Amino acid sequence: HVRNDTAVAKIIVTTDGGYHTVIVHSTHEFAHSAAKTHGRGGTAEAMGARSDSKDEKSVIGTLLSSFEKVCSSIGVEAPKGRACYGPALHRWGAAFPANIPSPTSSKPFRIHAQARLIFAGDFLAIPGGRIETSYLSGAGAAEDLLAYYNS
């Protein structure tokens, strides 16, 4: 997690098969300021949304610049050179929900039995805005659903 940066909130680095992946998550405020900009080739574009390529380059440039500053501030050299993929801009509009409900149980999902509904997602788990908590929420909901039907 990144502190005191207006554009970058979190940086994730993974390595698989000798390839390194760097994911730079923006802050909620930065994402909100760029809400009308989306990356080319994504779902938003496929659904007909239009985005200015100059805006996309500007948003990517701001995020990369902040990423380099964060790396420098902790004594790490930011990756240089040609990437085999990216940088790519992906707008994940639900990553930082504005109205996060406070947890009312230890389960990272909510069941409304009368309506026969289960609500699951990272916004119901702590900490929110993570792929892991989204998975755990959905898996927990599925386990409870299977237990109900198998009882």
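Note that this is a predicted model, so its numbers are computed, not measured.

Rules used throughout
Residues numbered from 1 in each chain as written. Predicted model: local features only at pLDDT ≥ 70, side-chain atom pairs only at ≥ 80, totals over all residues. Heavy atoms only, no water. Helix = DSSP H or I, 4+ residues; strand = E, 2+ residues; numbered from the N terminus. Expected span 1.5 Å × (residues − 1). Buried < 20%, exposed > 50% of the residue type's maximum accessible area, 1.4 Å probe, protein only. Arc of directions from axis to C-beta. Contact = heavy atoms within 4.5 Å. Patch = residues over 30% accessible without salt bridge, like charges linked within 9 Å, V, L, I, M, F, W, Y side chains within 5 Å. Areas by Shrake-Rupley, 256 points an atom, 1.4 Å probe, with all protein chains shown as cover. Salt bridge = Lys/Arg side-chain N within 4 Å of Asp/Glu carboxyl O. Pairing = 2+ DSSP bridges. pLDDT = per-residue confidence, 0-100. Core = buried A, V, L, I, M, F, W, Y, C linked by side-chain atoms within 4.5 Å.

### Looking at helix α4 (residues 131–150)
The end-to-end C-alpha distance of α4, which contains 20 residues, comes to 28 Å, matching closely the 28 Å that a straight helix rising 1.5 Å per residue would cover. Taken together, the buried positions of α4 are occupied by Thr133, Ser137, Gly140 and Ala141. All buried residues of α4 fall inside an arc of 95° around its axis, so they share one side. For α4, the exposed residues lying more than 90 degrees away from the buried face are Ile131, Glu132, Tyr135, Glu143, Leu146, Tyr149 and Asn150. Contacts made by the buried residues of α4 are with β3 (109–112) and β4 (117–120).

### A short note on a nonpolar patch on the surface
A cluster of nonpolar side chains, contributed by Ile111, Ile118, Leu145, Tyr148 and Tyr149, occupies part of the molecular surface with about 530 Å² of accessible area. Here Ile118 shows up in strand β4.

### Quick look at the pairing of strand β2 (residues 19–26)
Of the pairings in the sheet, the one linking strand β1 (residues 8–16) to β2 comprises eight bridges and is antiparallel in character. By the bridge assignment, Ile12 is partnered in β2 with Ile23. A loop of two residues connects β1 with β2, the two strands running antiparallel in sequence, and Gly17 in this loop sits at a positive phi of about 60°.

### Things to note about helix α3 (residues 53–73)
In this model, α3 (21 residues) spans 30 Å end to end at C-alpha, consistent with the 30 Å of a helix rising 1.5 Å per residue. Here α3 has its buried residues at Glu56, Val59, Ile60, Leu63, Ser66, Phe67, Val70 and Cys71. The buried side chains of α3 occupy one side of the element, clustering within an arc of 140° when seen end-on. Turned more than 90 degrees away from the buried face of α3, the exposed residues are Lys54, Lys57, Lys69, Ser72 and Ser73. In this fold, the buried residues of α3 make contact with β1, β2 and α1 (28–33). Phi turns positive, to about 75°, at Gly75, one or two residues after α3.

### Re the environment of Glu29
For Glu29, the position within the fold is in helix α1. Residue Glu29 is classed as exposed on the basis of its relative accessible area, which comes to 57%. When the C-alpha positions of Glu29 and Val8 are compared, they lie 9.8 Å apart, and in sequence the two are 21 residues distant.

### Some points on the confidence of the model for the protein
Where the model shows low pLDDT, its predicted coordinates should not be examined in detail. Mean pLDDT over the protein stands at 81; residues scoring 70 or higher make up 89%. The secondary-structure element of the protein with the lowest mean pLDDT is helix α2 (residues 43–46), recorded at 72, while α3 shows the highest, at 90.

### With respect to the environment of His90
Checked against the element boundaries, His90 lands in the loop between α3 and β3. The sequence separation of His90 and Thr43 amounts to 47 residues, and the corresponding C-alpha distance is 9.1 Å.

### Structural notes on the nonpolar core
Judged by nonpolar contacts, Val2, Ala7, Val8, Phe30, Ala34, Val59, Ile60, Leu63, Val70 and Leu89 together constitute the single largest core of 10 residues. In terms of residue count, α3 provides more of this core than any other element does, four residues in total. Setting aside chain neighbours within four positions, we find Ala7 in contact with His25, Ser26, Thr27, Phe30, Thr62, Leu63 and Ser66.

### Some thoughts on the side chain of Ser137
Mapped onto the elements of the fold, Ser137 is located in helix α4. By relative accessible area, which is 0% here, Ser137 ends up buried.

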